[in-house]
Amino acid sequence: MLTRIDDLLQCGDPNRPAVTFKDETLSYEQLRAEVDRVAAGLHRLGLQRGERVVVYLEKRIETVVALFAVSAAGGVVVPVNPLFKARQVGYVVNDCAARMIITTRERYRTLRSELGSTESLRHVVVVGSRGGFESRPASPRHELITWWQLCELSTSQATGGKKIIDADVVAILYTSGSTGSPKGVVLSHRNVIAGAQSVATYLEHTSDDVILAVLPLSFDAGFSQLTTAFVAGAHVVLENYLLPGEVVRLCARHQITGLTCMPALWLQLAAQMWTPEATKHMRYFANTGGRMPKTVLSRLRSLFSSAKPFLMYGLTEAFRSTCLDPNEVDNRPDSIGKAIPNAEVLVVRPDGTECVPGEEGEIVHRGALVALGYWNDPERTAERFRPVVPSGDGRRTEIAVWSGDIAYRDTEGFIYFIGRTDDMIKTCGYRVSPTEIEEVAYATGLIGEAVAFGAPDDRLGQHVVLAVTGPDGGGCDTETLLKALENDLPTYMVPHRVVVCSELPRSGNGKFDRVRLRRLVTG
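Below is a short write-up of the structure. (Residues numbered from 1 in each chain as written. Predicted model: local features only at pLDDT ≥ 70, side-chain atom pairs only at ≥ 80, totals over all residues. Heavy atoms only, no water.)

**Points about the overall build of the chain**
No. 1: The secondary structure content of the chain amounts to 15 helices and 27 strands.
No. 2: For the chain, whose C-alpha radius of gyration is 23 Å, the value lies close to the compact-globule estimate of 24 Å for 523 residues.
No. 3: Projected onto the principal axes, the alpha-carbon positions of the chain cover approximately 65 × 55 × 55 Å.
No. 4: In the chain, which comprises 523 residues, the proportion classed as buried is 58%.
No. 5: Residue pairs at least 24 apart in sequence account for 65% of intrachain contacts in the chain once pairs closer than 6 positions are excluded.
No. 6: By element, 47% of the accessible surface of the chain is carried by carbon and sulfur atoms, the whole surface being about 21,600 Å². (Helix = DSSP H or I, 4+ residues; strand = E, 2+ residues; numbered from the N terminus. Rg over C-alpha atoms; globule rule 2.2 N^0.38 Å. Buried < 20%, exposed > 50% of the residue type's maximum accessible area, 1.4 Å probe, protein only. Contact = heavy atoms within 4.5 Å. Areas by Shrake-Rupley, 256 points an atom, 1.4 Å probe, with all protein chains shown as cover.)

**Points about empty space enclosed by the protein**
No. 1: Inspection of every chain in the model, using the stated rule, returns one cavity of 30 Å³ or more.
No. 2: In this structure, the largest cavity encloses a volume near 110 Å³.
No. 3: What lines the largest cavity is a set of 13 residues, among which Ala221, Ser224, Gln225, Thr228 and Thr260 lie closest to the centre.
No. 4: Of all the secondary-structure elements, those providing two or more residues to the lining of the largest cavity are β10 (210-213) and α7 (220-230).
No. 5: Ranked by the residues each element gives to the lining of the largest cavity, the list is headed by α7, at four residues. (1 Å grid on protein atoms, 1.4 Å probe; cavity = no way out; pocket = protein on both sides within 12 Å on 5 of 7 lines; lining within 4 Å. Points joined across faces, edges and corners; volume = space filled by probe spheres on them.)

**Some thoughts on the pattern of salt bridges**
Side-chain pairs of opposite charge can arise whenever the charged atoms involved come near each other.
No. 1: Inspection of every chain in the model, using the stated rule, returns 26 salt bridges.
No. 2: Three or more residues are tied together by salt bridges with common partners; here these are Glu58, Arg60, Glu62 and Arg107. (Salt bridge = Lys/Arg side-chain N within 4 Å of Asp/Glu carboxyl O.)

**Details of the packing of helix α1 (residues 28-44) against helix α2 (residues 61-72)**
No. 1: Taken N-terminus to C-terminus, the directions of α1 and α2 make an angle of 60°; their axes are 8 Å apart at the nearest point. Viewed along their axes, α1 and α2 adopt a mutual orientation that is oblique. At the point where α1 passes α2, the crossing takes the right-handed sense. Taken together, the residues of α2 that come into contact with α1 (itself represented by Leu31, Glu34, Val35, Val38, Ala39 and Leu42) are Val64, Val65, Phe68, Ala69, Val70 and Ala72. (Axes fitted to C-alpha atoms, helices over the stretch in contact; angles between N-to-C directions. Parallel < 35°, antiparallel > 145°, perpendicular 65-115°, else oblique. Left-handed = near helix turned anticlockwise from the far one by under 90°.)

**Points about unusual backbone geometry**
No. 1: Even without glycine at this site, Lys22 takes up a positive phi of about 55°.
No. 2: Assessed through its relative accessible area of 60%, Lys22 is described here as exposed.
No. 3: Of note in this structure, Gln255 is not a glycine but carries a positive phi near 55°.
No. 4: As for its position among the elements, Gln255 is in the loop between α8 (244-254) and β12 (258-261).
No. 5: Of the residues examined, Gln255 reaches a relative accessible area of 44% and is grouped as partly exposed.

**Notes on the sheet that holds strand β15 (residues 322-324)**
No. 1: As summarised here, the arrangement of the nine strands in space is β2-β1-β11-β10-β12-β13-β14-β15-β16, forming an open sheet in which the pairing is mixed. Edge positions in the open sheet fall to β2 (24-27) and β16 (338-339), since each of these has one partner strand only.
No. 2: Bridge count between strand β1 (residues 17-21) and β2: four bridges; the pairing is antiparallel. Directly across from Val19, in β2, lies its bridge partner Leu26.
No. 3: With respect to the sheet, α2 is in contact with β1, β2 and β11 (235-238), its orientation differing from that of β1 by roughly 130°. (Pairing = 2+ DSSP bridges.)

**Some thoughts on the layout of surface pockets**
No. 1: Here the second largest pocket defines a volume of roughly 830 Å³.
No. 2: Lining the second largest pocket are 33 residues; nearest its centre among them are Leu83, Pro216, Tyr241, Met262 and Tyr430.
No. 3: If you list the elements that add at least two residues to the lining of the second largest pocket, you get α2 and α9 (263-270).
No. 4: Among the elements that line the lining of the second largest pocket, the one with the most residues is α9, at three residues.
No. 5: When its residues are assigned to classes, the lining of the second largest pocket shows 21 nonpolar, eight polar and four charged. (Nonpolar A, V, L, I, M, F, W, Y, C, P; charged D, E, K, R; others polar.)

**A short note on the packing of helix α3 (residues 86-95) against helix α4 (residues 105-115)**
Each pair of packed helices can be summarised by the angle the axes make with each other and by the distance between the axes.
No. 1: Contact geometry of α3 with α4 gives a least axis separation of 9 Å together with a crossing angle of 55°. The angle between α3 and α4 places the two elements in the oblique class. As for how α3 packs across α4, the hand of that crossing is right-handed. Every residue of α4 that contacts α3 at Ala86, Arg87, Val89, Gly90, Val93 and Asn94 is listed here: Thr110, Leu111, Glu114 and Leu115.

**Quick word on the sheet that holds strand β27 (residues 497-500)**
No. 1: Strand order in this open sheet of three strands is β25-β26-β27, and the pairing throughout is mixed. Edge positions in the sheet fall to β25 (450-457) and β27, since each has one partner strand and no second. Taking the axes of each pair of neighbouring strands and ignoring which way they run, one obtains an average angle of 30° across the sheet.
No. 2: Here β25 runs beside strand β26 (residues 461-468); their pairing, made up of eight bridges, is antiparallel. Along β26, the bridge assignment pairs Ala455 with His463.
No. 3: Helix-sheet contacts for helix α14 (residues 478-488) involve β26 and β27, and the interaxial angle to β27 is about 135°.
No. 4: Relative to the sheet, helix α15 (residues 514-522) contacts β25, β26 and β27, its axis offset from that of β25 by approximately 60°.

**Quick word on the nonpolar core**
No. 1: Ranked by internal contacts, the top residues of the largest apolar core, which has 85 residues, are Leu31, Leu42, Phe68, Trp147, Leu226 and Phe230.
No. 2: Per element, the largest residue contribution to this core is nine residues, and it comes from α2.
No. 3: Discounting chain neighbours no more than four positions away, the residues touching Leu31 are Leu9, Ala18, Val19, Leu26, Val64, Val65 and Phe230.
No. 4: Counting 47 residues, the second largest nonpolar core, distinct from the first, contains Val186, Ala221, Val464 and Tyr492. (Core = buried A, V, L, I, M, F, W, Y, C linked by side-chain atoms within 4.5 Å.)

**Observations regarding the pairing of strand β5 (residues 100-104)**
Within a regular beta strand, the side chains point alternately toward one face of the sheet and then the other, so they alternate between its two faces.
No. 1: The buried fraction of β5 is high, at five of five residues.
No. 2: Residue alternation in β5 divides its side chains into two sets, Met100, Ile102 and Thr104 and Ile101 and Thr103, and both sets are buried.
No. 3: Here strand β3 (residues 52-56) runs beside β5; their pairing, made up of four bridges, is parallel. Bridge assignment links Val54 to a residue of β5, and that residue is Ile101.
No. 4: When β5 meets strand β6 (residues 123-127), the two strands line up parallel, connected through five bridges. Pairing of Ile102 across the sheet is with Val125, part of β6.

Here you go:
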């Protein structure tokens with residue numbers, strides 16, 4: 001029985017490869033041994049059940065070990081997007097009251113000032129250094145220790161601690177929220193394991209599969225690349241995406257059988273020259289994080305002529321939600337499909353009753369994959385995680401996640417996505433809060449007022465536009481503003497355009513009129 005996510009490592013043949021990064025490969029037996037060793041080290045450092053450990057690393061062997069070792073030690077892992085800047089990482093560390101952070105020497109140097117005032121932090125584990133760390137810690141409250149020192153703390157004794165059950169919290173995934181600051185989605189072991197089993201089922205993963213992991217491991221679909229492979233005993237190849245040509249080369253070198261990307265990346269990959277060596281083993285390709293343009297899908301189907309296309313839809317609060325059967329792609333290219341195994345996806349009215357075919361409503365997800373809520377935020381949890389009455393059972397209600405996405409269902413049960421109920425920007429597969437961008441813009445002192453919104457983009461889904469007024473009614477140095485934003489925002493949040501306005505339109509209640517502004521700027 002799979003109870004904890006580190007139990008997934010028991011699913012593979014001990015002698016078969018589990019994970020590869022560059023020229024290093026660990027078998028399932030070696031990966032389990034490394035996870036147990038680091039888990040013992042974390043326990044020796046004093047990590048208690050339920051305490052949070054932030055993992056701020058690019059993809060590498062140590063990243064995978066850390067993600068599963070925290071679970072084995074009874075802690076809660078908080079993977080942070082490696083594109084995050086110090087501002088966002090500092091917010092996450094403080095918001096979840098992290099006990100430890102695992103990062104690299106270079107990344108820690110950028111974080112020192114942000115971590116100096118963090119009261120909960122006790123240890124910073126530095127990956128990639130065998131010797132001592134010459135820099136002083138940012139605060140006397142926490143201690144610096146290298147990854148190798150952590151491993152040396154391990155003993156043959158068990159890690160101890162209280163028994164973990166599948167309902168316990170295992171991870172917090174931070175995603176942008178419509179009100180500004182990122183919100184932490186709380187996942188249980190059951191959520192992650194059920195999600196892994198479900199996705200591996202419809203992708204038909206086996207121990208013969210070799211999965212190229214290009215999505216960030218902090219992203220729900222990115223983390224799923226690991227869990228859905230491990231539950232089937234498959235082999236994962238890690239890639240820190242830099243150039244599309246490198247993806248092609250790795251597909252040929254490792255005989256990749258499965259590849260999941262976001263539309264912006266697929267657009268780049270579709271334009272590459274793919275060799276027969278890079279495509280002949282491809283069994284499936286999958287899309288997530290936004291609608292795949294039809295021209296790109298057509299090109300990919302031509303490149304991977306023997307591969308099945310899986311068009312997926314999901315949200316962090318429910319891990320994955322729907323997938324379009326590859327046999328239906330030609331018949332319903334605009335559909336997001338039907339619910340994945342062990343999940344039910346409804347289209348409902350505001351009162352929770354189900355819509356009839358063709359009627360627009362909100363997508364609601366119920367079942368084992370629904371998250372536990374938002375970390376330390378009962379108000380937002382109550383807004384999004386609300387009761388629903390399962391079909392055919394008027395006596396029982398359960399908590400489901402209301403997505404904020406509007407869709408309709410056809411007479412055969414296929415779902416079609418229409419749009420969102422809030423102002424979130426969907427770019428590069430990420431949900432971006434306009435408020436978060438605006439707050440950083442205000443902090444520069446270079447503007448008077450600011451409104452961020454998304455504009456249609458065939459490559460990105462949407463790109464970010466920032467409309468501003470100058471301070472004190474004057475002009476605005478947009479070049480200096482953009483440089484300041486680049487310092488404090490992840491790349492995908494940085495505006496593609498800054499539009500200077502004499503004034504920003506407002507609605508009758510005094511709020512910024514985003515709809516009107518979008519129409520004025522984009523036509």
